[in-house]
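Each chain is listed here by its residues.
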Amino acid sequence: MSGLGYEHQVRFLNNILLHQADVDSVNHDKWADFLTNNCRVLATINETDDILDYSDIINPDRLGNTLENLNSNIIKYFNFGRIPDANDEHRLWISPTINNDNANTFFASVFTGKKVKTGHLEFDSKRNCFHVE
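Residues numbered from 1 in each chain as written. Predicted model: local features only at pLDDT ≥ 70, side-chain atom pairs only at ≥ 80, totals over all residues. Heavy atoms only, no water.

Undergrad: Which residues make up a nonpolar patch on the surface, and what values go with them?
TA: A cluster of nonpolar side chains, namely Y54, I57 and I58, defines an oily patch on the protein surface of about 430 Å² accessible area. Using a relative accessible area of 62% as the deciding quantity, one classes Y54 as exposed. (Patch = residues over 30% accessible without salt bridge, like charges linked within 9 Å, V, L, I, M, F, W, Y side chains within 5 Å. Areas by Shrake-Rupley, 256 points an atom, 1.4 Å probe, with all protein chains shown as cover. Salt bridge = Lys/Arg side-chain N within 4 Å of Asp/Glu carboxyl O. Buried < 20%, exposed > 50% of the residue type's maximum accessible area, 1.4 Å probe, protein only.)

What follows is the structure, encoded as structure tokens:
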């Protein structure tokens, strides 16, 4: 993002959502940590994401479908894999996943620029992620 005229273009954003990111999970923090500039960066994960399963064949360990390598101290990671309605889903902000109250609240906050409240979510310190159930 630097050097191409994009410097500081994310300053007006409150939230940046890396939704089921089809990027390498290994070393993603080396570039993704630079997305923050007075905003929150959140990443969603669904280990059963069917769309990313196809990409995983060529490029294993996509950030959006693995609980490995969640190494950023800046990005907040949210695992949706424990929601039964999220099974195999890629777009988590629509039905059936959004029928889950915690998923609905998460996306309502993110899409309106509000801070996601995490007090009711289990934080997995080993994985460095919140589990949305």
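Undergrad: I'd like a rundown of unusual backbone geometry, residues and numbers included.
TA: The bulk of non-glycine residues show a negative phi, and the bulk of peptide bonds are trans. Here the residue pair S95 and P96 is connected by a cis peptide bond, since its omega of 5 degrees sits within 30 degrees of zero. Inspection of the secondary structure puts P96 in the loop between β3 (76-79) and α3 (101-111). Within the chain, N69 stands out as a residue other than glycine whose phi angle is a positive 65 degrees. Take N69: it is sitting in the loop between α2 (50-58) and β3. (Helix = DSSP H or I, 4+ residues; strand = E, 2+ residues; numbered from the N terminus.)

Undergrad: Kindly report on the sheet that holds β3, identifying the contributing residues and their values.
TA: One open sheet holds the 5 strands; their spatial order is β1-β2-β3-β5-β4, and the pairing between them is mixed. Looking at which strands have only one partner, the edges of the open sheet turn out to be β1 (15-19) and β4 (122-124). Each strand of the sheet is rotated relative to its neighbour by a mean of 30 degrees, with strand direction disregarded. In this sheet, β3 lies alongside strand β2 (residues 40-45) in parallel orientation, the contact comprising 4 bridges. Across the sheet, residue T44 finds its bridge partner in β3, namely F78. Taken strand by strand, α3 contacts β1, β2 and β3, and its axis lies near 130 degrees from that of β1. (Pairing = 2+ DSSP bridges. Axes fitted to C-alpha atoms, helices over the stretch in contact; angles between N-to-C directions. Contact = heavy atoms within 4.5 Å.)

Undergrad: Report on the pairing of β2, specifying residues and quantitative values.
TA: With 5 of 6 residues buried, β2 is to be regarded as a mostly interior element. Relative to β2, β1 is paired through 5 bridges, and the arrangement is parallel. Residue pairing in the sheet places L17 in a bridge with L42 of β2. Each parallel crossover has a hand, and for β2 linked through α2 to β3 it is right-handed. (Right-handed = clockwise from strand over helix to strand, strands pointing away.)

Undergrad: How would you sum up the pairing of β3? Please name residues and give values.
TA: Judged from the 2 bridges that link them, β3 and strand β5 (residues 129-131) form a sheet pairing that is parallel. Along β5, the bridge assignment pairs F78 with F130.

Undergrad: Any chance you could break down the packing of aromatic side chains for me, citing the residues and the numbers?
TA: Ring pairs (aromatic) are described by centroid distance and by the angle formed between their planes. Considering all chains together, one arrives at 8 aromatic pairs under this definition. Ring centres 5.2 Å apart and planes at 75 degrees place the aromatic pair F80 and F106 in the edge-to-face group. Of this pair, F80 sits in the loop between β3 and α3 while F106 sits in helix α3, and the two are 26 residues apart along the sequence. On the basis of relative accessible area, F106 is assigned to the buried category, the value being 3%. Here the aromatic residues F78, F80, W93, F106, F107, F111, F123 and F130 are joined through ring pairs into a cluster of three or more. (Phe/Tyr/Trp six-rings, centres within 6.5 Å; stacked < 30°, edge-to-face > 60°.)

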